[in-house]
Amino acid sequence: MTLNSLMRTVSAGALLAASLFVSTPGAHAQAAGGNGGWFVPKAAHPDAPPPRPVQRRVPEAAPEEEEEAAPSDQQQAPPVLPLPPIPAPPSIAKGAPPPAAVIGVINVQAVMQISSAWQEIQQVLGARRDRLAQAVQREEAAWRGEQQKLQAQARTLTSDQIQLRERHLQERRAKDQHDFGGQARIIQEAAQVAMHQIERELEEPNGIIAAVAAAHNMNLILHAEQVVLHVGGQDITEEVGAQLNKALPHVFIPGDGVDPEQLARSGKMPTTADEQRQAQGPQAQGAQPQQAPASAPSESVLRQHH
């Protein structure tokens, strides 16, 4: 299980909520005559004359077709631009060569498989994601039941009554989309909070990867996916995983339903905004604090290789 796969599974609730509740108010106007689609309410003015048939005229030549018919050499020919002269680079004196590379190899995916903190993230947030998906399915079934009930009672209701009940259904769907989308966002941001703890523990300058590399006098660590051949003594994956479990057996995960953004604004713990200011140096630390961003400040190597 990789970080990107966790992000995809955690955000599945958001995608499910958006896909199930994406219909607009006009979507109810499909197939009322026995086609099994949305119910079409009675017209507000039954005496209105039927609409006149619309005669469709095919345009003789669309602009896109004219552009496609243009010669390909005119579309692809690059423009001829000025080429100002540039100065020759100055000569650089030779310096001391860098130290010889002592290479280590790490498989980050395998480290996550070893990590008990990573397994905790999967278990806790996976359960929340499943509960959200079940709630979306239950609400969708209830909403469709109300819609079918309205369709069955349509002949006994006036046009105003039908429009009122349809408006209530539309408002209910809009509220569901807002509520379920917010819950999915909270789960996704809780996963970012939890995963960022593992990233920092591994990747900071004094983190576990640097410590294990220094213990073996390694000064260059490569991802296993980038290496075609290496010997067993160069692979530090299991050692990094074991040290990660010792240093970080558990992670802080915001409580179920607790909005991580509200938690960041409460001032109870440092935020990613503080981390950004610290990384930017003393000038940024002296600036006025700003609102914490919703995501991590930089792209982690864990995210790049998962």
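This report concerns the structure included in the present document.

Rules and cut-offs
Residues numbered from 1 in each chain as written. Predicted model: local features only at pLDDT ≥ 70, side-chain atom pairs only at ≥ 80, totals over all residues. Heavy atoms only, no water. Helix = DSSP H or I, 4+ residues; strand = E, 2+ residues; numbered from the N terminus. Expected span 1.5 Å × (residues − 1). Polar contact = N/O pair within 3.5 Å; in protein donor to acceptor, adjacent residues only side chain to side chain. Axes fitted to C-alpha atoms, helices over the stretch in contact; angles between N-to-C directions. Parallel < 35°, antiparallel > 145°, perpendicular 65-115°, else oblique. Nonpolar A, V, L, I, M, F, W, Y, C, P; charged D, E, K, R; others polar. Salt bridge = Lys/Arg side-chain N within 4 Å of Asp/Glu carboxyl O. Contact = heavy atoms within 4.5 Å.

An ideal rise of 1.5 Å per residue puts 54 Å on 37 residues; helix α6 (residues 116-152) measures up with 54 Å between its terminal C-alpha atoms. The N-terminus of α6 is capped by S115, whose side-chain oxygen sits 3.3 Å from the backbone nitrogen of A117.

For the rest of this paragraph, the subject is the packing of α6 against helix α7 (residues 159-203). The relative placement of two packed helices is expressed as an angle between their axes plus a distance between the axes. Direction vectors running N to C along α6 and α7 enclose 175°, while the axes themselves pass 11 Å from each other. The pairing of α6 with α7 is recorded here as roughly antiparallel in orientation. Partitioned by chemical class, the residues of the contact of α6 with α7 number 20 nonpolar, two polar and 11 charged.

A word on the pattern of salt bridges. All told, the structure shown has 12 salt bridges when counted by the stated rule. Via salt bridges that share partners, R185, E189, D259 and E261 belong to a single interconnected network.

So, on to the environment of Q234. Position of Q234 among the secondary structure elements: in the loop between β2 (220-223) and α9 (237-247). Note: C-alpha distance between Q234 and H216 (18 residues apart in sequence) is 9.0 Å. Setting aside its immediate chain neighbours within four residues, Q234 contacts I103, G104, V105 and M218.

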